[in-house]
Amino acid sequence: MYDWLIVGAGFAGSVLAERFASVRNERVLLVDRRSHVGGNAYDRYNDDGIIVHQYGPHIFHTNSKQIFDYLSLFTEWRPYAHKVLAEVDGMLVPIPINLDTVNKLYGLNLNSEQLAEWFKARAEKVDSLRTSEDVVVSVVGRELYEKFFQGYTRKQWGLDPSELDKSVTARVPIRTNRDDLYFGDEYQCMPLYGYHRLFENMLRSDNIHIMTKTDYRHIKNYVPHRRVIYTGPIDEYFDFCFGRLPYRSLRFEHVTRDEPWHQPVAVVNYPQTNDYTRITEYKHLTGQQHPKTTLTYEYPSSDGDPYYPVPNAANQEQFKKYERLALATPGVWFVGRLATYKYYNMDQVVGQALSTFRRICAAVMTVQ
């Protein structure tokens, strides 16, 4: 008899499996449809011996010391400060938009105070910030919105920014200084030996039994268990009784080139041209030394494995119907990006899992 059947071996499921096994000394069956643990953060060595992220770049960043300290139990870290360029009007310029971005694009020599006034003169008055378009045009105006955000968002989400919740573009700051770091978090780093090693260390307990290439629906009625953690798409759990929730998928094209480096930073975005949204070069992330380099071209899609919940009011209303069912389902906890239909970063998923563990401890029994 397992104490827990955990569906999905990404961050949410793996963190909870580790906590139940190590803190409560409980037996866990962790299942995943894929052939590996780690979810979308899974990385591997390709045929040329280069570390690649199978499902696109995953850069760890957080402001939470608690989350950083917890993950540090399972990995050492490589300091890494993420920088992104965007190809706009035939030039590579920093994104998020900053002082250098504007000066290079427009051939100007503004300082920070002048740039703030430049933005102010172009910003559009928006009475209520509701959509992703509202967020950007209210700060930098229509022209920069169209150059950097509109095309990229349409490719990424299959929707215009005016059809998406404000949270999508609110994730990307606008700066008046020369700060070209993509994230502003206190902790910015990469697992020194990769994410796969991190997950291996996290799931090392004898109390954890792992079954990959396994659909939980095929085994749930045959493997005795007391309670369930579910991290997959919430609509699938309830057999799509309220219809399918929209999720956005991705297709990845991994290409190895016979050159040491291909681009000046790890990620270059393409908001104006090409069908792909961005190109990632992994050696910038990992620090690996190799005479060749591997790139990933990222193509958003409406078909395939679900990656991102699509945030807008109509989809949230549909999700709320599933959420009410979830809250009324005894013995099952729904955790993670797909199960709670939220566009979480990795650290937020870890935080949610740790918080769920504390709530379960309080609700089920005293920690052993």
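Our structure is the block above this text.
Residues numbered from 1 in each chain as written. Predicted model: local features only at pLDDT ≥ 70, side-chain atom pairs only at ≥ 80, totals over all residues. Heavy atoms only, no water.

A. Geometry of the overall build of the protein chain. In terms of helices and strands, the protein chain carries 13 helices and 17 strands. Relative to its length of 368 residues, the protein chain is compact, with a C-alpha radius of gyration of 22 Å against a globular reference of 21 Å. Of all intrachain contacts in the protein chain linking residues separated by at least 6 positions in sequence, the fraction that spans at least 24 positions is 72%. If you sum the accessible surface of the protein chain, you get close to 17,000 Å²; carbon and sulfur atoms cover 47% of it. Taken as two groups, the 43 positive and 44 negative side-chain charges of the protein chain have centres that lie 4 Å from each other. (Helix = DSSP H or I, 4+ residues; strand = E, 2+ residues; numbered from the N terminus. Rg over C-alpha atoms; globule rule 2.2 N^0.38 Å. Contact = heavy atoms within 4.5 Å. Areas by Shrake-Rupley, 256 points an atom, 1.4 Å probe, with all protein chains shown as cover. Lys, Arg positive; Asp, Glu negative; His and termini not counted. Charge placed at Lys NZ, Arg CZ, Asp CG, Glu CD.)

B. Looking closely at the sheet that holds strand S10 (residues 208–211). Taken in spatial order, the five strands line up as S10-S2-S1-S11-S17 in an open sheet, and their pairing is parallel. A single partner strand is all that each edge strand has here, and the edge strands are S10 and strand S17 (332–334). Adjacent strand axes in the sheet meet at a mean angle of 20 degrees, parallel and antiparallel pairs treated alike. Its contacts with the sheet place helix H1 (residues 11–22) against strand S1 (2–7), strand S2 (28–31), S10 and strand S11 (225–230), and it is angled at close to 165 degrees to S1. (Pairing = 2+ DSSP bridges. Axes fitted to C-alpha atoms, helices over the stretch in contact; angles between N-to-C directions.)

C. Inspection of empty space enclosed by the protein at higher detail. One pass over the structure, following the stated rule, counts one cavity of 30 Å³ or more. Taken as a whole, the largest cavity encloses approximately 70 Å³ of empty space. If you go around the largest cavity, the residues you meet are Asp-43, Ile-51, His-53, Arg-78, Met-190, Pro-191, Leu-192, Tyr-193, Gly-194, Tyr-195, Leu-285 and Thr-286. Those elements that provide at least two residues to the lining of the largest cavity are strand S4 (51–53), strand S9 (187–191) and helix H11 (283–286). (1 Å grid on protein atoms, 1.4 Å probe; cavity = no way out; pocket = protein on both sides within 12 Å on 5 of 7 lines; lining within 4 Å. Points joined across faces, edges and corners; volume = space filled by probe spheres on them.)

D. Region of interest: the environment of Asn-315. Among the secondary structure elements, Asn-315 is positioned in helix H12 (residues 313–327). Here the alpha-carbon distance between Asn-315 and Glu-186, two residues 129 residues apart in the chain, equals 33 Å. Filtering out sequence-adjacent residues up to four positions away, Asn-315 remains in contact with Leu-245, Pro-246, Val-310 and Tyr-341. There is a polar contact of 2.8 Å between the side chain of Asn-315 and the backbone oxygen of Val-310. (Polar contact = N/O pair within 3.5 Å; in protein donor to acceptor, adjacent residues only side chain to side chain.)

E. Inspection of the side chain of Asp-235 at higher detail. Relative to the helices and strands, Asp-235 is located in helix H10 (residues 234–237). No salt bridge is formed by the buried Asp-235; the nearest opposite charge belongs to Arg-244, separated by 5.7 Å. Engagement of the side chain of Asp-235 in a polar contact is seen with the backbone nitrogen of Leu-245, the distance being 2.8 Å. The residues touching Asp-235, leaving out its near neighbours within four places in the chain, are Phe-240, Gly-243, Arg-244, Leu-245, Tyr-247 and Tyr-322. (Buried < 20%, exposed > 50% of the residue type's maximum accessible area, 1.4 Å probe, protein only. Salt bridge = Lys/Arg side-chain N within 4 Å of Asp/Glu carboxyl O.)

F. Layout of the packing of helix H3 (residues 99–106) against helix H6 (residues 142–157). As a packed pair, H3 and H6 sit with axes 13 Å apart at the nearest point and diverge in direction by 100 degrees. The orientation of H3 relative to H6 falls into the category roughly perpendicular. Listed contacts from H6 to Thr-101, Val-102, Leu-105 and Tyr-106 of H3 are Glu-143, Leu-144, Lys-147 and Phe-148. Class assignment of the residues belonging to the contact of H3 with H6 gives a composition of five nonpolar, one polar and two charged. (Parallel < 35°, antiparallel > 145°, perpendicular 65-115°, else oblique. Nonpolar A, V, L, I, M, F, W, Y, C, P; charged D, E, K, R; others polar.)

G. The arrangement of H3 in detail. Residues of H3 that are buried: Leu-99, Thr-101, Val-102, Asn-103 and Leu-105. On its buried face, H3 sits against strand S7 (84–88), strand S8 (91–95), helix H4 (112–122) and H6. Regarding H3, its N-cap is Asn-98, as a side-chain oxygen of that residue lies 3.0 Å from the backbone nitrogen of Asp-100 further along. Following H3 by one or two positions, Gly-107 adopts a phi angle in the positive range, close to 65 degrees.

H. Region of the structure containing the packing of helix H5 (residues 132–140) against H6. At a minimum axis separation of 7 Å, H5 and H6 run at an interaxial angle of 130 degrees. The angle between H5 and H6 falls in the class oblique. Classified by chirality, the crossing of H6 by H5 is right-handed. Here Glu-133, Val-136, Val-137 and Val-140 of H5 come into contact with H6, specifically with Arg-142, Leu-144, Tyr-145 and Phe-149. Within the contact of H5 with H6, the residues separate by chemical class into six nonpolar, no polar and two charged. (Left-handed = near helix turned anticlockwise from the far one by under 90°.)

I. Structural view of the nonpolar core. Phe-11 and Phe-148 are the most contacted members of the largest nonpolar core, which has 72 residues in total. A total of eight residues in this core trace back to one element, the largest contributor, which is helix H13 (residues 346–364). Those residues in contact with Phe-11 that sit more than four places away from it in its chain are Ala-41, Leu-71, Tyr-195, Leu-198, Phe-199, Met-346, Val-349 and Val-350. Membership of the second largest hydrophobic core comes to 33 residues, among which are Leu-5, Ile-234, Tyr-322 and Leu-338. (Core = buried A, V, L, I, M, F, W, Y, C linked by side-chain atoms within 4.5 Å.)

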